[in-house]
Amino acid sequence: MKPVRLTMAPCRLHFASPVWYALLVSAMYLALLNQRFWREAVALCWRGNAADLPFLLALFLLLLTGFSLALLLVPGRRLMHAASGMLFPLGAMAAYTADSYGLAVDAGMVRSLAHATRGEAGALLGPRLLLYALLLGVLPLFVVGSSRITPLPLREHLRHRLLFCGAALALAILLTAAFAARFQALLGSPAPYLLVPAAALQGAARYVASDLASWRPGGQAMPADPPQRLPPSPGSRPLVVFLVVGETARHASFQLGGYDRPTNPLLSGMPGVHYFSNVTSCGTTTAVSLPCMFSPLGREDYTVAGARALPNALEQLAAAGVRVAWRANNAGSAGISARLPTVAFRALLPDPALCDATACLDEAMLAGLDQALAGVDRDSLFGFHQMGSHGPDYFRRYPAAAQRFSPACRRQELADCSAEEIRNAYDNTIVYTDRFLAAQIALLESRSDRFDSALLYVSDHGESLGEDGVFLHGAPYAAAPQEQKRIPLLLWMSDGYRKRMGIAGDCLAPRLDPPLSHDNLYHTLLGMMAVRDRHYRPAMDLLAGCRVSD
């Protein structure tokens, strides 16, 4: 019997063994869904001579047998047939992400997609995505649907699969031994993260496993030792801290960090602004960074289960008696404010021009803030979660009045814009964030007779704008470029806050350039609000050592 037989009327592919079917489908995965993977692999391994061809052939054979082996582990011909077909639509989405933005679908990306709002998901929709869905997700299903695997006795099915498994393992050992150094170099590159559908399946499995491991009834964190507040001096005024969590802002585009464009025209001329120039994020997506940066665990020890089992910094401040209010212009707050008062600022909005039916500009979060400050009678922290620089539709994140650089990309498909247009649109979002932060500082300064105040701004992660062919964010952390991990962090303090804490004007100067990270945020927030708990570490507090009380 021929291994594969084509019959007409109706046109069907008949496979004498599940092995031949698995090999065909695996070859389709590798040929159709892995354009970006092969581009990265060739760039890494091709030196321009014929001697490189045997390794690329060995890589193809190894992946072909590996994919086929994975399919053959699915029991039964019908179940294997169905599972192999389902992977094409899923793989098409992963291929679109890899080809269009150079991003892999790992556990962090899956978590980010699971928490994406309708607006964020809609921003990725476009003709290119629909084309991928049709050509790579739907059309291959006609091949799968027209395929028939010849029914075999159970013993024959097992024999075919076991023989292939043995041969595949022997071939894998032979090929990896022959090209050990090259395979090792490939594994150390970003290419394996781009392998479709393998990397996406692994990411989805890890996401599900981490969520199952962290599940708790009602989603409640375990009670921690109660935090303690340091006693204020007699007659002290309330402390008011604005905490602004930026979205997708990167250090590389901040004028305060040495960028050669005027993206911080207001903050750069404002006295008392301290910019920390060497800060890295905990993750490359909001869904990972936010719970990590507010957790006492730190990036190295962070797990979803561990973070959910402990109160975050905002909850600890509230437990200590600090009034905490959260304003989010970004629905992806990853649960950090779930048990805290959230301000519905849209209902307070005096200027409808700041919002449309789907989204608001960040200045909308200032609505009602004057009245909220007028009612402050104790130490308070106001949290703001921006839409900031979230892409790919950067042009939607700022009003026309904030456009400083042009021409700016005004399309959702970044492939339709030039590198200059993408850069201009993104930089305009940073200019708008500069305006937003300057307005908040001005508001706090205008209340300096009533409060001792400070503002702390930190972004959740950075962004790629086409460097090395990578766009947006969400790359696996180990392979992520610095543009996605280096983030802006700045601090402003009123004169009253400085005097109250005994902070000298030049005390922070030597602390601005050494390496810092999101790990410092938990301890710095508690320190700024004069709160301590068993997790607080003075060495991680940006202001420890500058305060008289320390």
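As shown above, the structure is provided for reference.
Residues numbered from 1 in each chain as written. Predicted model: local features only at pLDDT ≥ 70, side-chain atom pairs only at ≥ 80, totals over all residues. Heavy atoms only, no water.

As a further point, take the state of the cysteines. What the rule picks out here adds up to 4 disulfides. The side chain of C409 participates in a disulfide bridge whose partner is C417; the two sulfur atoms lie 2.1 Å from each other. Looking down the S-S bond of the C409 and C417 bridge, the torsion is 65 degrees, so its handedness is right-handed. Judged on exposure class, the residue C409 and its partner C417 are both buried. The residue that forms a disulfide with C507 is C546, at a sulfur-sulfur distance of 1.8 Å. Residues C507 and C546 are joined by a disulfide whose S-S torsion is about -95 degrees; by sign, that bridge is left-handed. One end of the pair, C507, is in the loop between α17 (495-501) and β13 (516-517); the other, C546, is in the segment after β14 (531-532), with 39 residues separating them in the sequence. Residue class for C507 comes out buried when judged on its relative accessible area of 18%. Sequence-ordered numbering of the bonded cysteines in the protein gives a disulfide pattern of 1-2, 3-4, 5-6, 7-8. (Disulfide = S-S within 2.5 Å. Buried < 20%, exposed > 50% of the residue type's maximum accessible area, 1.4 Å probe, protein only. Helix = DSSP H or I, 4+ residues; strand = E, 2+ residues; numbered from the N terminus.)

Another point: a nonpolar patch on the surface. Together, L131, L134, L135, V138, L139 and F142 make up an exposed nonpolar region whose accessible area comes to about 550 Å². Within the secondary structure, V138 is located in helix α7 (residues 127-145). Using a relative accessible area of 38% as the deciding quantity, one classes V138 as partly exposed. (Patch = residues over 30% accessible without salt bridge, like charges linked within 9 Å, V, L, I, M, F, W, Y side chains within 5 Å. Areas by Shrake-Rupley, 256 points an atom, 1.4 Å probe, with all protein chains shown as cover. Salt bridge = Lys/Arg side-chain N within 4 Å of Asp/Glu carboxyl O.)

Once that is clear, we can look at the sheet that holds strand β6 (residues 273-280). The 7 strands are arranged β7-β8-β5-β9-β12-β6-β13 in an open sheet whose pairing can be described as mixed. The sheet is open, and its two edges are formed by β7 (323-328) and β13, each paired on a single side. Note: β7 against strand β8 (residues 380-385), 6 bridges, orientation parallel. Along β8, the bridge assignment pairs R323 with S380. Contacting β5 (239-246), β6, β8, β9 (452-459) and β12 (486-493), helix α15 (residues 419-446) runs over the sheet at an angle of about 165 degrees to β9. (Pairing = 2+ DSSP bridges. Contact = heavy atoms within 4.5 Å. Axes fitted to C-alpha atoms, helices over the stretch in contact; angles between N-to-C directions.)

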